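Here are the chains, one letter per residue:
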Amino acid sequence: MGTVLEARGLVVRRGQHTVLRGADLSLEPGTCTLLLGENGTGKSTLIEAILGLHPLEEGVVQTQSKVVRDAEGRRARHPHLPLGVLLQTDGSVRDQSVRHHLEVCAMAAGVRVDDEELAELAQRMDLRHRLDD
């Protein structure tokens, strides 16, 4: 089957600071992988970059040898990353609205939602009245 997910040479910057430099990750089928390291070593940033939550300055993310995203701006039309992620703490930004949080989650999953679809989703979760909170 080959490598399920591969990230090579990922570089992420926040402002003037490089927060991830040349990171690699390879996930093989049937394995369990643990990212272990001190605070501030880039574990969360690596996963967030793979998910597309941070733009890449350099590097490529591939699944089954197909490009999901890279630093040149190439992106899979409908990326299907073979992983699920629970971000540290609650994964939200304190001043982010419920609407924006749902949009970011959808984007990370490679799903585009318009306002109507988002409202329907929020209604199903009994959150429609809280979308702008």
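One can find the structure itself at the top, above this paragraph.
Residues numbered from 1 in each chain as written. Predicted model: local features only at pLDDT ≥ 70, side-chain atom pairs only at ≥ 80, totals over all residues. Heavy atoms only, no water.

### A word on unusual backbone geometry
Alright, step 1. Residues other than glycine seldom take positive phi values, yet Gln64 does so here, at roughly 50°.
Alright, step 2. Mapped onto the elements of the fold, Gln64 is located in the loop between β3 (58–63) and β4 (66–70).
Alright, step 3. Residue Gln64 is classed as partly exposed on the basis of its relative accessible area, which comes to 43%.
Alright, step 4. The phi torsion at Ser65 lies on the positive side, around 70°, for a residue other than glycine.
Alright, step 5. Within the secondary structure layout, Ser65 lies in the loop between β3 and β4. (Helix = DSSP H or I, 4+ residues; strand = E, 2+ residues; numbered from the N terminus. Buried < 20%, exposed > 50% of the residue type's maximum accessible area, 1.4 Å probe, protein only.)

### Considerations on the pattern of salt bridges
Alright, step 1. Counting across every chain of the model gives 6 salt bridges.
Alright, step 2. Between Glu6 and Arg8 there is a salt bridge, with its nearest N and O atoms 3.7 Å apart.
Alright, step 3. Taking the relative accessible area as the measure of exposure, Glu6 reaches 24% and is therefore partly exposed.
Alright, step 4. On the accessibility criterion, Arg8 (37% relative accessible area) is partly exposed.
Alright, step 5. For Asp133, the salt bridge is made with Arg130, and the minimal N-O distance between the two is 2.2 Å.
Alright, step 6. Taking the relative accessible area as the measure of exposure, Asp133 reaches 47% and is therefore partly exposed.
Alright, step 7. Owing to a relative accessible area of 40%, Arg130 belongs among the partly exposed residues under this scheme. (Salt bridge = Lys/Arg side-chain N within 4 Å of Asp/Glu carboxyl O.)

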